[in-house]
Each structure stands twice: as structure tokens, then as C-alpha cells.
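Spelled out from the first residue to the last, the chains are:
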Amino acid sequence: MNIKVNRKTLLDALRFGGMVAGKCKTIPILDYCKVVVKGDKMIVTSTDTETTIAKKVEGVVCDVDNAEFCIVPSDVIPTLATLRDEEVALEVNESVCTLIHARGTAKVVVLPAIDFPATASGETKTTFSMDATKLRSWLDAAKSFVANDPLRPALTGMYLAIEGGEVWCASSDSHKLYMDGYKDIAFEGIETNVIVPNKVFGYASSILDGYASVTVQIDDSNVSFVVSDAKISARRIVGAYPKVRQILPKQNPINVEVNTADLASSISRMKLFADKVSNQVVMTFSTDGIKLTCCDLMSNKSCEDFCDVLAYDGGNIEICTKAENLEAIVSRVDSETLMFGMSEKNRPIVIYEAYNQNKVLFTMPLAKAK
């Protein structure tokens with residue numbers, strides 16, 4: 001079979017569609033990606049049995065109606081990357097693919113497509129479309145908030161749900177939490193939820209750049225994210241996600257507004273001096289401002305910093321928490337100012353963007369080191 005295709009689109013397809021090729025070390029065929037050509041379209045697919053990525057290329061010319069073969073993407077990508085040709089040709093027989101370009105040829109091994117495992121998902125139970133920019137920001141945030149604990153598999157993924165006309169997400173390691181959502185009339189009548197595994201966060205986020213919307217498909221085993229020319233499917237996590245909305249305090253008698261950049265600057269200095277084991281930082285809230293203190297008990301180093309408050313409502317309070325948790329939370333705040341909501345020193349510290357109650361973050365307090 002002979003295939004003509006745009007060099008750049010083929011390169012992009014192999015880089016993206018072949019992203020999980022070679023990730024499974026126990027099945028040799030999964031070092032390859034499957035290439036299927038039908039009419040003027042080519043689909044490049046790779047899988048590690050738990051995650052499947054497919055990328056579509058259009059404008060392909062092939063001398064047969066249907067063509068299928070398996071190729072190792074890393075065998076072809078370096079050559080394609082060095083070329084300046086607008087178009088290249090692939091001459092494929094049973095065991096060899098010859099890449100033909102303006103200055104010469106390159107030959108690589110191919111395998112029959114029949115050796116590649118089936119990657120079809122089960123029957124789709126729920127399909128909905130949502131804002132691609134929102135989903136990408138949620139997946140990017142989830143990387144810093146999910147747990148890395150095989151004993152709590154539900155917390156190793158991002159919870160994605162539609163309830164009461166709202167799509168929302170949550171990611172938490174039980175010490176800190178990220179939660180965001182938005183309402184849309186398109187979600188009316190849909191009730192669904194899924195836990196997206198953390199191994200797919202980066203892959204899924206990468207296909208969403210430049211798209212206004214993404215289609216989410218959920219079946220009994222998988223969750224898929226689909227845009228016009230790409231699809232990522234991942235084995236969904238089975239289990240019950242904690243009822244995170246019930247954890248949040250119903251009322252916060254102490255509310256404090258601060259400048260986000262000023263607080264981030266103070267936290268970055270706290271991290272330099274925080275104890276390497278406990279990572280503790282103590283925040284003392286008063287109408288005068290926020291006093292932050294920490295010390296490294298092993299090296300006898302300490303740091304004290306001060307952050308002005310823009311608004312203050314309620315009494316004074318002292319709370320101890322982890323500097324790294326505060327840094328992860330503040331880095332996800334997009335507004336110029338943020339709000340602290342607190343009730344007691346042993347209750348969650350709720351943080352949200354000023355004038356945006358939809359995005360909620362919290363961190364759990366610690367017992368202050370003696």
C-alpha cells in the first residue's frame with residue numbers, strides 16, 4: 001500500500017496519538033501504535049490497556065480503501081522532525097514501512113494490525129459537552145490536589161459530576177481540596193458522576209488547548225474526552241467519592257480578604273524556613289493583618305512575615321497548617337484578591353476567589369508543634 005500525507009500533520013499525529021506507546025512493559029505490541037487509513041482519513045492509536053489515545057489526520061491519499069498496520073512512533077518521529085518536506089509518502093508491506101521524502105528514504109519495521117489489542121469502549125451511558133477551558137483548568141489543578149495512596153483509590157482521581165444543572169469537580173488528598181463548577185441550561189435533566197484517574201490528567205489536558213468545548217462520554221468501564229480530531233479514553237476509578245460538599249462549614253464567622261500576590265510572596269518565604277518534616281506555618285489573623293511564622297526545629301532557623309488585609313470581619317484566630325498546602329491552593333487562585341473563611345482553629349480553612357463563590361479551596365489545620 002502507498003500513502004501520501006502532510007509531513008507536519010503526520011508528525012503531530014504520531015507524537016500525540018503515540019503518547020502511551022511503550023508505557024506497558026509486559027506486552028511488546030504496545031510499543032507500537034496502530035495506524036488505520038480509511039478513505040482520506042488516518043487514525044493513529046496507542047494504548048497501555050488502561051489509557052487509549054487516538055488522533056485523526058485528514059487529507060490522506062491512499063491507493064487502497066482500507067489500510068492497517070502497527071509502527072513504533074519513536075522510529076519515525078526523529079526523521080520526520082528533521083525534514084522540511086510539505087508532503088511525505090509511506091510505502092507499507094507486511095513487515096517494512098519505507099518513509100519516502102525529497103532527499104531519500106528510511107525503513108522501519110511494522111507489524112500486522114491484527115496483533116494490536118481491541119480498544120473499543122463499552123456502550124456509552126452518558127454523553128455531555130462542557131467548556132474545554134474549564135475542564136483543562138480543573139485537570140491541571142487536580143495534579144496538585146489528588147492523593148498518591150493506593151489504599152484510597154477514589155482520592156487518586158478527580159471527581160467530575162453533574163447535579164441540579166451544574167457540572168462541577170473536586171480533587172482532594174483529604175488534607176487540601178480544590179472544587180469548582182458552573183451552571184448551564186444544557187445540563188438540566190442530566191445526573192451523572194465519574195472519577196477520572198490521575199494518570200490521564202496530562203494527556204487529557206493536552207488535547208483541550210484551542211477548543212471551546214469538549215464532549216465527555218461515560219460508560220460502565222471508561223471515561224472519554226473527545227474533540228474534533230482526538231479522543232482519550234481511560235479506565236474510570238470504581239468507588240465512592242467522599243461527600244466533600246458536606247465537609248465545608250455551613251457558616252464562616254471570620255472572613256478575611258487579602259491580596260493574592262502579597263500572600264503568595266509571604267508563603268514562598270515561609271517554605272524556605274518551614275520544618276522539613278512537619279512543613280508547618282502558623283497564621284495569626286487579626287484586623288491588623290496576617291502574621292505568618294515558621295521554624296525549622298532541626299536547624300533552629302525561623303522566619304516571620306506579615307501580610308496586609310483588605311477587609312476583616314470577625315474575631316482574631318490563630319491557625320497552623322502546611323506551607324506546601326497553602327502554596328498549592330494560592331497558586332490556583334486567578335483573582336487579584338482571595339477570601340479566607342474560618343470558624344474555629346480545628347476546622348477547615350476555606351479559601352475562595354473574591355466575588356467567585358463557585359471555586360472553593362480548603363486546607364485542614366494541624367496541631368501546633370510544641
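About the criteria used
Residues numbered from 1 in each chain as written. Predicted model: local features only at pLDDT ≥ 70, side-chain atom pairs only at ≥ 80, totals over all residues. Heavy atoms only, no water. Helix = DSSP H or I, 4+ residues; strand = E, 2+ residues; numbered from the N terminus. Buried < 20%, exposed > 50% of the residue type's maximum accessible area, 1.4 Å probe, protein only. Core = buried A, V, L, I, M, F, W, Y, C linked by side-chain atoms within 4.5 Å. Contact = heavy atoms within 4.5 Å. Pairing = 2+ DSSP bridges. Axes fitted to C-alpha atoms, helices over the stretch in contact; angles between N-to-C directions. Phe/Tyr/Trp six-rings, centres within 6.5 Å; stacked < 30°, edge-to-face > 60°. Lys NZ or Arg CZ within 6 Å of the ring centre and 35° of its normal.

Draft legend 1. Summary view of the environment of Pro197. Secondary-structure assignment places Pro197 in strand β14 (residues 192-197). According to the relative accessible area criterion, Pro197 is buried, its value standing at 8%. In this structure, the C-alpha to C-alpha distance between Pro197 and Arg236, residues 39 residues apart in sequence, is 6.2 Å.

Draft legend 2. Structural view of the nonpolar core. If you look at the biggest cluster of nonpolar residues, it comprises 70 residues, and the most contacted ones within it are Phe128, Met130, Trp138 and Phe340. For Trp138, the contacting residues outside a window of four places in its chain are Met130, Met158, Leu160, Val167, Trp168, Cys169, Tyr178, Asp180, Gly181 and Tyr182. Ala13, Val76, Ile77 and Val110 belong to the second largest nonpolar core, which has 28 residues in total.

Draft legend 3. Local environment of the pairing of strand β24 (residues 337-342). For β24, the tally of buried residues reaches six of six residues, placing the bulk of the element in the interior. Alternating residues of β24 divide into Thr337, Met339 and Gly341 and Leu338, Phe340 and Met342, and every residue in both groups is buried. Where strand β18 (residues 254-259) meets β24, six bridges bridge the pair, whose relative direction is antiparallel. Counted as the bridge partner of Asn259 is Thr337 from β24. As judged from the four bridges shared by β24 and strand β25 (residues 349-353), these two strands associate in the antiparallel manner.

Draft legend 4. View of the sheet that holds strand β21 (residues 301-307). The four strands lie next to each other as β21-β20-β19-β23, forming an open sheet whose pairing is antiparallel. This sheet does not close on itself; its edge strands, each paired only once, are β21 and β23 (317-322). Direction aside, neighbouring strands of the sheet carry axes that sit 20 degrees apart on average. Two elements, strand β19 (residues 280-286) and β23, share six bridges in a ladder whose sense is antiparallel. Along β23, the bridge assignment pairs Val282 with Cys320. Here helix α6 (residues 260-273) sits on the sheet in contact with β19, β20 (289-296) and β21, set at roughly 175 degrees to β21. In the packing of helix α7 (residues 323-330) onto the sheet, contacts are made with β19 and β23, and the angle to β23 comes to roughly 90 degrees.

Draft legend 5. The sheet that holds strand β12 (residues 166-172), seen in detail. The strand order across the open sheet formed by nine strands is β14-β11-β12-β13-β26-β25-β24-β18-β22, and the pairing between neighbours is antiparallel. Looking at which strands have only one partner, the edges of the open sheet turn out to be β14 and β22 (311-313). The mean inter-strand angle of the sheet, taken between neighbouring strand axes irrespective of direction, is 20 degrees. Across the sheet, helix α3 (residues 132-145) is in contact with β11 (157-163), β12, β13 (176-183) and β26 (356-363); its angle to β13 comes to roughly 170 degrees. Packed on one face of the sheet, α7 meets β13, β24, β25 and β26 and runs near 165 degrees to β26.

Draft legend 6. Spatial organisation of the side chain of Lys55. Checked against the element boundaries, Lys55 lands in strand β4 (residues 51-58). Beyond its immediate chain neighbours, meaning those up to four positions away, Lys55 contacts Ala13, Phe16, Gly17, Met42, Ile43, Val44, Asp229 and Ala230.

Draft legend 7. The packing of aromatic side chains, seen in detail. A full pass over the atoms with the stated rule returns seven aromatic pairs. When the centroid spacing of 5.6 Å and the interplanar angle of 50 degrees are considered together, the rings of Phe145 and Tyr178 count as tilted. A residue pair is termed long-range when its members are at least 10 positions apart, and Phe145 in helix α3 and Tyr178 in strand β13 qualify at 33 residues. Accessibility expressed as a relative area gives 0% for Phe145, which makes it buried. Tyr178 sits in the buried class, given a relative accessible area of 1%. Members of the aromatic cluster, joined through ring pairs, are Phe128, Trp138, Tyr182 and Phe187. Sitting over the face of the ring of Phe16, Lys55 holds its NZ or CZ atom 5.6 Å from the ring centroid. Of note, Lys176 hangs over the ring of Phe145, and the distance from its end group to the ring centre comes to 6.0 Å.

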